[in-house]
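Each chain is listed here by its residues.
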Amino acid sequence: MFQPNYVFLVPSKSSLSNYSQRRREESHVYRTKTTIFLTVILFQHTYHNLGVIFSKVSIVIMEKIVIFGSTGNTGICAVEAGVQKGLNVRAFVRDPTKLPDHLRNSVEVVKGDVLNYTDVHNAIKNVSAVVVVLGTRKDLSATTMLSDGMKNIIKAMTKENVQIVSVCLSAFLFCAPEQVPKIFCKINEDHQREFDVLQESGLNYIAVFPPHISDDKGTTCEVNHGSLPPGGKMVSKHDLGKFLIDSLTQPEHYGKICGIVTKY
């Protein structure tokens, strides 16, 4: 009768000891790898959350700005606001003598014509942001100066990769064309063209639509997106100039139409 032979392999004490040591080492390696893996996952999750947080909190640093229309009533106030804020201001002007002495010695004055692209391009080199306060003073006749100047500014900004611009326009743009007082119709048509060019630029623009601009001393301004604040009929040139500067570092206003009035 066939008798099977059974062979039992009984490990020695040294073998058992070596085996146990290998198991402990393997377990330690596994735990280490698991810990590293979970740490990486946790880091990625935390980094993602931080990314979400930081995407909502933008820090904008201005090194140098250029202001077009620096010698107008609001333009001078914008220059003053930039200087008071401690910014390095470049004032683009047609006639440097129209810039007050106390400002002329505090800013970089650049003489040029906004309708000359080369002048505009040179003025925009090495700046962080642009302020546009173009105007025709008391000339309300038909013009394309505002929109043509805006085209040159946007072209130069695109060329120099400057993304932030605040632009002073008019609260009449809140109205239907037939509601605009006849005396302002022609100039408002070019404000509309200027705004259209701005909207199509792809820049981080702040389109400021002020109502009547007064010479009153500035106090506190109120800003609405898409409309004038209720009850507001005018804005101090000082408040307006200051907002044109401050809004450059306030991303909540980027791509927005800002109605602004002074709170008296």
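What you are looking at is a predicted structure, and each value in this text was computed from that prediction instead of being measured.

Quick look at the confidence of the model for the chain
So, point 1. Looking at the chain as a whole, its pLDDT mean stands at 84, while 78% of the residues score no less than 70.
So, point 2. Every residue in residues 1–16 scores below 50 in pLDDT, and together they form 1 contact with partners more than four places removed in sequence or on other chains.

Notes on the pairing of strand β10 (residues 256–263)
Look at any regular strand and the pattern is simple: side chains alternate between the two faces of the sheet.
So, point 1. Relative to β10, strand β6 (residues 204–209) is paired through 4 bridges, and the arrangement is parallel. Paired with A207 across the bridge in β10 is I257.
So, point 2. Pairing geometry for strand β8 (residues 220–225) and β10, over 6 bridges, is antiparallel. Bridging across to β10, C221 finds its partner in T262.

A closer look at the side chain of S214
So, point 1. When you line up the elements, S214 lands in strand β7 (residues 212–214).
So, point 2. Separated by 3.4 Å, the side chain of S214 and the backbone nitrogen of D216 make a polar contact.
So, point 3. A polar side-chain atom of S214 sits 3.3 Å from a polar atom in the side chain of Y264.
So, point 4. If we skip the residues at most four places from it in the chain, S214 touches M234, V235, S236, K237 and Y264.

Brief notes about the sheet that holds strand β2 (residues 88–93)
So, point 1. Within the open sheet, the 8 strands sit side by side as β3-β2-β1-β4-β5-β6-β10-β8. Their pairing is mixed. Edge positions in the sheet fall to β3 (108–111) and β8, since each of these pairs with one other strand and no more. Averaged over all adjacent pairs, the angle separating strand axes in this sheet is 25 degrees, with direction ignored.
So, point 2. When strand β1 (residues 64–68) meets β2, the two strands line up parallel, connected through 5 bridges. Its bridge partner lying in β2, I67 is registered against A91.
So, point 3. Lying on the sheet, helix α7 (residues 237–246) is in contact with β1, β4 (129–132), β5 (164–168), β6, β8 and β10; it crosses β10 at an angle near 145 degrees.

Calculation notes
- Residues numbered from 1 in each chain as written.
- Predicted model: local features only at pLDDT ≥ 70, side-chain atom pairs only at ≥ 80, totals over all residues.
- Heavy atoms only, no water.
- pLDDT = per-residue confidence, 0-100.
- Contact = heavy atoms within 4.5 Å.
- Pairing = 2+ DSSP bridges.
- Helix = DSSP H or I, 4+ residues; strand = E, 2+ residues; numbered from the N terminus.
- Polar contact = N/O pair within 3.5 Å; in protein donor to acceptor, adjacent residues only side chain to side chain.
- Axes fitted to C-alpha atoms, helices over the stretch in contact; angles between N-to-C directions.

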